[in-house]
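Below, each chain spelled out in residue letters.
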Amino acid sequence: MKSIETTINNIKQVTDIRNTSTGKPLAANWCKGTGLGGLTDIFFNYVSITGQSKPLPLKKAAIIACGDHGVCAMNVSAYPQKTTIDMTRNYLVSKGAVANAMTNFSATDMLVVDMGIAADMSSLPGLINKKIAFGTENFVYGPAMTRDAAVKAIETGIDLADKLAAKGYNCFLLGEMGIANTTSSAAIAAAICGLTAEQATGRGTNISDSRLKIKIDVVKKALAVNKPNPADGIDVLSKIGGFEFGCLAGVILGAAAHDCLIILDGFNTSAAALIAQALCPLSAKHMMPSHLAGEPAHQAALQKLGLSPYIDLRLQLSETAGSSVIARFIDLAVQIYDMLRTDTFPDADILPDPPATTQYSLDKDIMSTCQERIDNLTKPIKCLGKFEDIAIFLAGVLKKVQPVMDDVTANKALLLPYILATSRCLKIPVTNAYAAEKVGLILIDGALHMLNDMKTFAEAAVSVANDGPGAGRQKSTY
Ligand SMILES: O=C(O)c1ccc[n+]([C@@H]2O[C@H](COP(=O)([O-])O)[C@@H](O)[C@H]2O)c1
Ligand SMILES: Cc1cc2nc[nH]c2cc1C
């Protein structure tokens with residue numbers, strides 16, 4: 001197993017390939033296209049990080065690190081701690097979680113790692129057992145883990161990345177599962193970005209106002225009791241972190257040392273990234289952001305990392321939902337690049353701003369049945385924002401609770417204005433009509449993967465919410 005220090009020593013600076021002699025032909029080919037908006041940055045960040053002179057499609061691995069948190073005892077989540085076990089089973093047995101749907105959507109191989117679930121998981125087939133302890137200590141009273149355990153968690157992630165890079169993976173998507181871990185990530189962001197507990201703490205799994213008050217107080221106490229040193233990533237991780245965050249920080253360092261791309265996801269993956277950056281500032285240059293999550297400190301965390309999100313889908317999760325979208329956009333950008341290089345990119349209109357809209361006739365009953373199903377899929381309620389809106393809209397237009405991509409293709413002429421409008425989730429919109437249609441269809445494909453690949457709480461035997469808007473709405477019998 002490689003040490004943190006050896007790994008860090010192998011991480012190189014990333015330079016924008018457009019400023020190098022290898023990159024000039026790439027830039028010249030790409031410039032033949034017009035109206036490619038945010039795809040331009042996505043494409044050049046990918047090739048710059050991976051140092052490719054002939055851009056290739058991605059070979060993607062998702063690492064879902066799972067761990068429990070002693071701080072769960074403070075009543076800071078909308079779900080019982082057992083949900084960490086339930087969801088880990090769901091990834092591997094029922095295969096009905098967001099991470100299953102999204103890795104299907106982005107053709108990503110998924111690995112699930114037990115870094116510290118508070119139960120014996122040894123009988124679960126497919127689970128990579130790297131358990132460090134049965135959950136962290138409650139960091140309100142003292143450090144979450146020892147310094148040695150923090151180092152071990154990071155080195156576990158480095159080792160996973162080393163092995164995957166040796167198999168040819170060049171892109172890493174990060175995911176995590178751990179009830180109460182947004183209390184940890186809020187504390188990490190507060191410590192490293194210099195935020196108050198109030199600024200850093202959000203609703204996580206969508207907790208009520210009363211739990212949010214408790215959670216803010218818990219973060220305040222954790223910072224006062226532990227006094228993490230923001231300049232020392234291991235100190236921060238050991239005092240207020242989680243085993244899964246250590247693993248993901250290690251994956252980032254290991255992947256960066258192999259010139260691989262790391263695509264961040266929600267707030268929790270940014271907390272892991274802040275730890276990696278504290279250990280090795282250069283590692284942040286190997287990361288690409290995806291979406292802006294609902295947690296209030298996500299913006300500050302991304303800013304500290306020097307990143308600006310490409311999309312806003314109102315997602316509140318780190319289960320590869322945002323990173324899968326960016327992975328699909330990279331694959332699209334590589335296809336477009338190939339067409340530009342070979343002069344086969346179709347002539348396309350430049351769209352007006354804003355694009356044309358259409359009034360659709362919507363079946364409200366079908367939409368509310370679809371909404372109920374989505375609320376009962378194994379995820380915190382309302383955490384998939386725009387994906388949920390897209391699926392419900394399509395159900396209403398196509399008059400089918402669970403439409404599929406073939407239904408969209410069969411009704412493409414009708415749906416085209418909606419498809420083009422959907423493409424506008426990119427912060428720098430694509431105005432080329434050909435590319436905008438592809439971008440819109442990718443988002444629709446993601447939404448329909450969520451709707452059709454995910455299982456309900458009852459089907460996957462996952463615990464439902466006991467607080468916030470999910471309580472009562474999510475049913476263990478649905
Ligand atoms: O990463 C995010 O942006 C994010 C935001 C809200 C919730 N989560 C997920 O919800 C769980 C933690 O939420 P909580 O309320 O239990 O702290 C954990 O399993 C995360 O994967 C993740
Ligand atoms: C509560 C909950 C938290 C999660 N975190 C990641 N996936 C999740 C799914 C559920 C259901």
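Just above sits the structure.
This text gives an overview of the structure that appears in the document. What you see is a predicted model; the values in this text were computed from it and never measured.

### What to know about the overall build of the protein
The secondary structure content of the protein amounts to 20 helices and six strands. For 478 residues, the compact-globule estimate of 2.2 N^0.38 gives 23 Å, and the C-alpha radius of gyration of the protein, at 22 Å, lies within 12% of that figure. Considered along the principal axes of its C-alpha atoms, the protein spans approximately 60 × 60 × 40 Å. Buried positions account for 63% of the 478 residues belonging to the protein. Here the protein has roughly 17,100 Å² of accessible surface; of this, 53% comes from carbon and sulfur atoms.

### A look at the nonpolar core
Grouped together as the largest cluster of nonpolar side chains are 103 residues, with contacts concentrated most on Tyr91, Phe172, Ile240, Leu253, Leu264 and Leu305. Counting 82 residues, the second-largest nonpolar core is a separate cluster that includes Ala321, Phe329, Ile374 and Ile444.

### Notes on the packing of helix H16 (residues 385-398) against helix H19 (residues 433-453)
The interhelical angle for the contact between H16 and H19, taken along N-to-C directions, is 85 degrees, at an axis separation of 8 Å. Of the possible angle classes, the one that applies to H16 and H19 is roughly perpendicular. Residue-level contacts link Phe387, Glu388, Ile390, Ala391 and Leu394 of H16 to Leu443, Ile444, Gly446, Ala447, Leu448, Met450 and Leu451 of H19. Its residues assigned to classes, the contact of H16 with H19 comprises ten nonpolar, one polar and one charged.

### A short note on the site of ligand 2
Lining the immediate environment of ligand 2, one finds 14 residues, of which Tyr79, Met87, Met177, Glu319 and Pro380 sit closest. Here Glu319 contributes a side-chain N or O atom positioned 2.4 Å from a nitrogen atom of ligand 2. In the complex, 95% of the free accessible area of ligand 2, which totals 290 Å², lies under the protein chains. Most atoms of ligand 2, that is more than half of them, are within 2 Å of grid points of the largest cavity. Sorting the residues of the shell around ligand 2 by element identifies helix H4 (82-94) and strand E4 (171-177) as the ones contributing at least two each. With three residues, H4 is the single largest residue contributor to the shell around ligand 2. Its residues assigned to classes, the shell around ligand 2 shows eight nonpolar, three polar and three charged. If you count residues domain by domain, the shell around ligand 2 takes at least three from each of domain 1 (60-331) and domain 2 (350-453).

### Concerning the pairing of strand E1 (residues 60-67)
Taking burial as the measure, the eight residues of E1 include eight buried ones, the bulk of the element. Burial along E1 is two-sided: the face carrying Lys60, Ala62, Ile64 and Cys66 and the face carrying Ala61, Ile63, Ala65 and Gly67 are both buried. Judged from the seven bridges that link them, E1 and E4 form a sheet pairing that is parallel. Paired with Cys66 across the two strands is Met177, which belongs to E4. Pairing of E1 with strand E2 (residues 109-116) involves seven bridges; the strand directions are parallel. The residue of E2 that forms the bridge with Ala62 is Met110.

### Structural notes on empty space enclosed by the protein
Evaluated as defined, the whole model comprises one cavity of 30 Å³ or more. Computed from the structure, the largest cavity encloses a volume of approximately 400 Å³. Listing elements by their share of the lining of the largest cavity, those giving two or more residues are H4, E4, helix H7 (181-193) and helix H12 (267-279). For the lining of the largest cavity, the class distribution of residues is 13 nonpolar, twelve polar and six charged. Here the lining of the largest cavity spans two domains, since at least three of its residues come from each of domain 1 (60-331) and domain 2 (350-453).

### Some remarks on the environment of Lys54
Looking at the secondary structure, you find Lys54 in the loop between helix H3 (39-50) and E1. Its relative accessible area of 69% is what places Lys54 among the exposed residues. Remark: the alpha-carbon pair of Lys54 and Asp338, spanning 284 residues in sequence, is separated by 9.4 Å.

### Quick notes on the packing of aromatic side chains
Scanning the entire structure with this criterion turns up seven aromatic pairs. With centroids separated by 4.6 Å and ring planes inclined at 10 degrees, the aromatic side chains of Trp30 and Phe43 adopt a geometry described as stacked. Of the two residues, Trp30 sits in helix H2 (residues 23-30) while Phe43 sits in helix H3, which places them 13 residues apart along the sequence. For Trp30, a relative accessible area of 4% gives the class buried. Arranged with centres 3.9 Å apart and planes meeting at 20 degrees, the rings of Phe393 and Tyr418 form a pair that is stacked.

### What to know about the sheet that holds strand E3 (residues 128-129)
A sheet is described by the order of its strands in space; here six strands give the open sequence E3-E2-E1-E4-E5-E6, paired in parallel fashion. Pairing within the sheet leaves two strands with one partner each, and these edge strands are E3 and strand E6 (287-288). Note that strand E5 (residues 261-263) and E6 share two bridges and pair parallel. From the neighbouring strand, Ile262 faces E6, where its bridge partner is Met287.

The rules behind each value
- Residues numbered from 1 in each chain as written.
- Chains lettered and ligands numbered in written order.
- Predicted model: local features only at pLDDT ≥ 70, side-chain atom pairs only at ≥ 80, totals over all residues.
- Heavy atoms only, no water.
- Helix = DSSP H or I, 4+ residues; strand = E, 2+ residues; numbered from the N terminus.
- Rg over C-alpha atoms; globule rule 2.2 N^0.38 Å.
- Buried < 20%, exposed > 50% of the residue type's maximum accessible area, 1.4 Å probe, protein only.
- Areas by Shrake-Rupley, 256 points an atom, 1.4 Å probe, with all protein chains shown as cover.
- Core = buried A, V, L, I, M, F, W, Y, C linked by side-chain atoms within 4.5 Å.
- Axes fitted to C-alpha atoms, helices over the stretch in contact; angles between N-to-C directions.
- Parallel < 35°, antiparallel > 145°, perpendicular 65-115°, else oblique.
- Contact = heavy atoms within 4.5 Å.
- Nonpolar A, V, L, I, M, F, W, Y, C, P; charged D, E, K, R; others polar.
- Near = heavy atom within 4 Å.
- Polar contact = N/O pair within 3.5 Å; in protein donor to acceptor, adjacent residues only side chain to side chain.
- 1 Å grid on protein atoms, 1.4 Å probe; cavity = no way out; pocket = protein on both sides within 12 Å on 5 of 7 lines; lining within 4 Å.
- Sits in = over half its atoms within 2 Å of the grid points.
- Domains from an automatic or database assignment.
- Pairing = 2+ DSSP bridges.
- Points joined across faces, edges and corners; volume = space filled by probe spheres on them.
- Phe/Tyr/Trp six-rings, centres within 6.5 Å; stacked < 30°, edge-to-face > 60°.

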